[in-house]
Amino acid sequence: MQIVETVVEMQKIRRSLKGSVGFVPTMGYLHEGHLALVRRSREANDHTIVSIFVNPTQFGPNEDFDRYPRDYPRDFALLEKEKADFVYLPTPAQMYPEGYNTWIEVNGVTDRLEGAVRPGHFRGVSTVVNKLFNIVQPARAYFGQKDAQQCVVIRKMVVDLNMNLEMIVVPTVREVDGLAMSSRNVYLSPDERQQAPVLNQSLELAKKLWLEGERDSAKIRLAMVDLIKQSPLGKIEYISIADALTLRELEKTESPALISLVVRFGKTRLIDNILLGKP
Ligand code: AMP
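Because the structure is a prediction, the values reported are computed rather than measured. (Residues numbered from 1 in each chain as written. Predicted model: local features only at pLDDT ≥ 70, side-chain atom pairs only at ≥ 80, totals over all residues. Heavy atoms only, no water.)

**Remarks on the confidence of the model for the protein**
To be explicit about the condition: Confidence per residue, as judged by the predictor, is encoded in pLDDT with a range of 0 to 100. Each helix corresponds to a stretch of at least 4 residues labelled H or I by DSSP, and each strand to a stretch of at least 2 residues labelled E; elements are numbered beginning at the N terminus.
Taken residue by residue, the protein gives an average pLDDT of 97. The fraction at 70 or more is 100%. Across the protein, the element-wise mean pLDDT spans from 96 in helix H5 (residues 113-117) up to 99 in strand S5 (residues 140-144).

So, in structure tokens, the structure goes:
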């Protein structure tokens, strides 16, 4: 496994690669969720490139950019074990040199959910993913369903800009108690960690109600709120029941629906979602 730090070196290596390239963009502090993406890439491609870049432009001024967990030696060891071929580890100065001023904005689907509460977040995400795609030129790129809106935004960018790659969405990997794996889970205190599975429990409850025939989004949401309130450390930021493709809120929970929520535990925002029906 080779560690690559500069744009020029990565592009040079890319030009020398024959066969298909699979790409897994990450912010590091890897867990089984990331590794599931790496495995999928390894199965389908001749080469797998994993990037680790905590992208400053997708964090708001009061967000956790500075304290986002980082442990490169541990990440390298995990990726070595998964037989990734390259780890691309650019610096912010490499990605955004002095005078950098080009941005990719996907409109519409970014107005809602995370986009509404994290202004500029998706502009940072789509810009950095676009840059990384240009540098790595993958045949296939792998993203996690855990960040459902990110998947919708990137897919829209890929389609709208005629990008010559296939985007693959991998199901959310969970801890045994159902908590979606996330690099941010390390922020949780033991008490918060104990209550955090309530996100997944509320989504499973919503799915159960839906499978039993409930289609009134207000009723489904209320049942979720009631359940989450039983975990007093969790504060609901939003619960959305939306069309899985447009992300528009649904009064009637018709398939394909995406139920997504953010619950705060102290300073930590936990995000999770479930799909009802095939998108
Ligand atoms: P991040 O490092 O948080 O930016 O995540 C990098 C990629 O891994 C994104 O496509 C995420 O959606 C994906 N990912 C993060 N957590 C999980 C998980 N628990 N299961 C599946 N994919 C995940």
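**Concerning the site of the ligand**
Counted only if it meets this: We call a residue near a given molecule or strand whenever any one of its heavy atoms falls within 4 Å of it. By the criterion applied in these results, polar contacts are pairs of N or O atoms within 3.5 Å in which, for protein atoms, one can donate a hydrogen and the other can accept it, and in which residues neighboring in sequence qualify only through two side-chain atoms.
Taken together, 17 residues lie near the ligand, and Met-27, His-34, Asp-147, Val-173 and Met-181 sit nearest. Note that an oxygen atom of the ligand is positioned 2.9 Å from one of the side-chain N or O atoms of His-34. Elements with a contribution of two residues or more to the shell around the ligand: strand S2 (21-26), helix H2 (32-44) and S5. Broken down by element, the residue count for the shell around the ligand peaks at three residues, all from H2.

**Details of the nonpolar core**
Convention followed: Among the buried residues, those of types Ala, Val, Leu, Ile, Met, Phe, Trp, Tyr and Cys that are joined through side-chain atoms within 4.5 Å form a nonpolar core. Accessible area is worked out with a 1.4 Å probe on protein chains only. A residue is then buried under 20% of its type maximum, exposed over 50%, and partly exposed in between. Residues are treated as being in contact if the distance between any of their heavy atoms lies within 4.5 Å.
Within the largest apolar cluster, 41 residues are counted, with the highest numbers of intra-cluster contacts made by Ile-49, Tyr-88, Phe-133 and Ile-154. Counting only elements with at least two residues in this core, the list comes to helix H1 (7-16), S2, strand S4 (86-88), helix H6 (121-136), S5, helix H7 (148-160) and strand S8 (257-265). Not counting the four nearest positions on each side in its chain, Ile-49 is found in contact with Met-10, Leu-17, Val-21, Gly-22, Phe-23, Val-24, Phe-86, Tyr-88 and Val-136. Ala-206, Val-225, Ile-228 and Val-263 belong to the second largest nonpolar core, which has 23 residues in total.

**Focus: the side chain of Ser-202**
With respect to the helices and strands, the residue Ser-202 is situated in helix H9 (residues 198-211). With residues near it in sequence (within four places) discarded, Ser-202 still touches Met-224, Leu-227, Ile-228 and Leu-261.

**With respect to the packing of H9 against helix H10 (residues 217-228)**
Two measures define how a pair of helices packs: the angle their axes make with one another and the distance between the axes. Under the convention used in this document: Each axis is a line fitted through C-alpha atoms, taken for helices only over the stretch in contact, and angles between the N-to-C directions span 0 to 180 degrees. Here is the rule for angles: anything less than 35 degrees is roughly parallel, anything more than 145 is roughly antiparallel, 65 through 115 is roughly perpendicular, and the remaining ranges are oblique. Rotating anticlockwise by less than a right angle from the far helix to the near helix defines a left-handed crossing, while the corresponding clockwise rotation defines a right-handed one. Ten residues, namely Ala, Val, Leu, Ile, Met, Phe, Trp, Tyr, Cys and Pro, are considered nonpolar, four, namely Asp, Glu, Lys and Arg, are considered charged, and the remaining ones, Gly among them, are considered polar.
Contact pair H9 / H10: the axes reach a minimum separation of 9 Å and the direction vectors enclose 150 degrees. With respect to H10, the axis of H9 lies roughly antiparallel. Once H9 is placed against H10, the crossing between them reads as right-handed. Contacts between H9 and H10 involve Val-198, Gln-201, Ser-202, Leu-203, Leu-205, Ala-206 and Leu-209 on the former and, on the latter, Ile-220, Ala-223, Met-224, Leu-227 and Ile-228. Along the lines of polarity and charge, the residues of the contact of H9 with H10 split into ten nonpolar, two polar and no charged.

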